[in-house]
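# Observations on the three-dimensional arrangement
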Amino acid sequence: MYRTTDEIKVLRDPIHGYIHVSLQAVWDCINSSWFQRLRRIRQLGGANMVYHCAEHTRFAHSLGVYEIVRRMVTEIPDIVSSLSEDEKVTVMLAGLLHDIGHGPYSHAFEAVTVTSHEVYTCRIIEENTEITRILENTRKGLARDVADVIRHKSRNPLLSQMISSQLDADRMDYLLRDAYFTGTTYGEFDLERIFRTLRIHDGTQLVIKESGVYAVENYIMSRYHMYWQIYYHPTARSYEYLLHALFRRLADLHDTEDPSLIPLFHPIALKQKIGLDDYFALDEYSCGYAFESLTHHQDGIVRDLALRIRDRKLFDYADSTPVTNRQLRKKLREAGFDLNYYWGKDLVSQKPYVPYTGNSDGAIWVQMRDGSTKELSNASNIVYSLIHGPVQDDNKVFFPADTQA
Ligand code: ZN
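### Some details on helix H18 (residues 300-311)
In a regular helix each residue adds 1.5 Å, so 12 residues correspond to 16 Å; H18 covers 16 Å between its end C-alpha atoms and thus fits that length. Of all the residues in H18, the buried ones are Ile301, Val302, Leu305, Ala306, Arg308 and Ile309. Each buried residue of H18 lies within a common arc of 160° when the element is viewed along its axis, so the set occupies one face. Structurally, H18 contributes buried residues whose contacts are with helix H14 (234-253), helix H17 (284-294) and helix H20 (339-342). Once H18 finishes, Arg312 follows within two positions and takes phi at roughly 55°, a positive value.

Here it is as structure tokens:
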């Protein structure tokens, strides 16, 4: 069967106490250079510009997701009995590797690359990297099986539900971890209670027992608060806007001759797809070096944006209204700013929970005492009110601070 490590490896973790590893394939993936690369990518794009301790990495989060999945397949009786050994190993590895294709700066960077991080994740798993070899040497076809879980093509739908649905190991880890490292308490919820009440219905659907609904309500609320207090914090968005403006300027200049544009950024300047080797080299260490180098670029806008990123001279923000926008744009123009890079609009909105609509498989289902199932918004008054109320959004404009009225 599957090779185990000589002894159980334990890694200390502030969220889970310990991460436990006893499968050799998991241990080898952790020690691969692709996985170690995740140490050089922070979990949150611009949130550390607001919450100064939010420096935690995709590496830690990926281990955390793995640990939650490992506990699911060893501690939740319904899951223990309904998954095969192959499926347990596959889903643990999918949890570990689900973010392996993440680029630097969370989603700010993704907006300028032509390819999404999910596509890179599957490519890294399947296209002959060190990770592919580890998986294929463990079991023929394992790389494809792991990638299938991540792209929701797995033969057993339970596996994808565990990794990516509205109540999955990914969210459970990042909410708790981000709450811990930002020092906020909004993201906390009762993981142990959710664990105790998780069941499988009809062999294909992960459900929560009716008595676990309060813990799930709490989890949904924590998600709602984390979005507005952390992920959508306007200062974090302002930082992400700067990154995006700089990458856009480089692409618009199309200039790879400037010696301060290190080769790493050439594909961005040329709007080319980034191959796996170049993608590997793109992390927040190398980008930090590149930004420093760009503070000497011949283009004044590149220079200024790179300095602003380096020194946290972020853009200010205001609520976007026609009057404010008109006044701001006039002032910026008069001050000589190029509005393509020095004025940006950003509308964010978030639904803390999306009910079942017939084609989504990510809804949360509740097993009632009589054995029937109800979709969460029909089993919880709080969730029902949340999804039937107005959608909360935040429409901001970003601009250099010294131009505000
Ligand atoms: Zn994740």
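That shown, we press on.
### Brief notes about the packing of aromatic side chains
Using the criterion set out here, one finds 18 aromatic pairs in the structure. Aromatic pair Tyr227 and Tyr232: ring centres 5.2 Å apart, planes at 70°, arrangement edge-to-face. Ring plane angle 65° and centroid distance 6.3 Å describe the contact between Tyr317 and Phe398, whose orientation is recorded as edge-to-face. Taken together, the residues Tyr317 in strand S5 (residues 316-319) and Phe398 in strand S9 (residues 392-399) connect sequence positions 81 residues apart. By way of ring pairs, the aromatic residues Tyr241, Phe315, Tyr317, Phe337, Tyr342 and Phe398 are connected into one cluster.

### Concerning the coordination of the zinc ion
Protein coordination of the zinc ion is provided by His61 (NE2), His98 (NE2), Asp99 (OD) and Asp170 (OD), with donor distances spanning 2.1 to 2.4 Å. Between consecutive donors of the zinc ion, the numbers of intervening residues give the motif H-x36-H-D-x70-D. Pair noted here: His61 is in helix H3 (residues 58-75) and Asp99 is in the loop between helix H5 (85-97) and helix H6 (106-110), with a separation of 38 residues, a long-range link. Judged by its relative accessible area of 4%, Asp99 falls in the buried class.

### Structural notes on the pattern of salt bridges
Side-chain pairing between opposite charges can occur once the charged atoms of the two side chains come close. The full count for this structure, using the stated rule, is 27 salt bridges. A salt bridge links Arg151 to Glu126, with the shortest nitrogen-to-oxygen separation between them at 2.9 Å. One end of the pair, Arg151, is in the loop between helix H9 (142-150) and helix H10 (157-163); the other, Glu126, is in helix H7 (residues 117-126), and 25 residues separate them in sequence. Looking at Arg151, the relative accessible area reads 31%, which means it is partly exposed. Put simply, Asp394 and Arg237 hold a salt bridge, and the shortest N to O gap is 2.8 Å. On the criterion of sequence distance, the pair formed by Asp394 in strand S9 and Arg237 in helix H14 is long-range, its members being 157 residues apart. Grouping residues by exposure puts Asp394 and Arg237 together as buried. One network of salt bridges, in which partners are shared, links Arg237, Asp319, Asp346, Asp394 and Lys396.

### Considerations on the packing of helix H8 (residues 130-138) against H9
Two elements in contact, H8 and H9, have axes separated by 7 Å at closest approach and are oriented at 115°. One element, H8, and the other, H9, form an angle in the roughly perpendicular class. In this structure, H8 contributes Thr132, Leu135, Glu136 and Thr138 to the contact, and H9 contributes Leu142, Ala143, Arg144 and Val146. Looking at the contact of H8 with H9, its residues break down into four nonpolar, two polar and two charged.

### Observations concerning the sheet that holds strand S6 (residues 344-350)
Taking strand neighbours across the sheet as the criterion, the three strands line up as S5-S9-S6 in an open arrangement whose pairing is antiparallel. Each edge of the open sheet is held by one strand with a lone partner, namely S5 and S6. Direction aside, the axes of adjacent strands within the sheet are offset by 30° on average. Relative to S9, S6 runs antiparallel, the two sharing seven bridges. Paired with Val348 across the strands is Asp394, a residue of S9. Against the sheet, helix H13 (residues 213-231) touches S6 and S9, its axis set at about 170° to S6.

What counts and how
Residues numbered from 1 in each chain as written. Predicted model: local features only at pLDDT ≥ 70, side-chain atom pairs only at ≥ 80, totals over all residues. Heavy atoms only, no water. Helix = DSSP H or I, 4+ residues; strand = E, 2+ residues; numbered from the N terminus. Expected span 1.5 Å × (residues − 1). Buried < 20%, exposed > 50% of the residue type's maximum accessible area, 1.4 Å probe, protein only. Arc of directions from axis to C-beta. Contact = heavy atoms within 4.5 Å. Phe/Tyr/Trp six-rings, centres within 6.5 Å; stacked < 30°, edge-to-face > 60°. Donors = N, O, S within 2.8 Å, 3.2 Å for Na, K, Ca; no water. Salt bridge = Lys/Arg side-chain N within 4 Å of Asp/Glu carboxyl O. Axes fitted to C-alpha atoms, helices over the stretch in contact; angles between N-to-C directions. Parallel < 35°, antiparallel > 145°, perpendicular 65-115°, else oblique. Nonpolar A, V, L, I, M, F, W, Y, C, P; charged D, E, K, R; others polar. Pairing = 2+ DSSP bridges.

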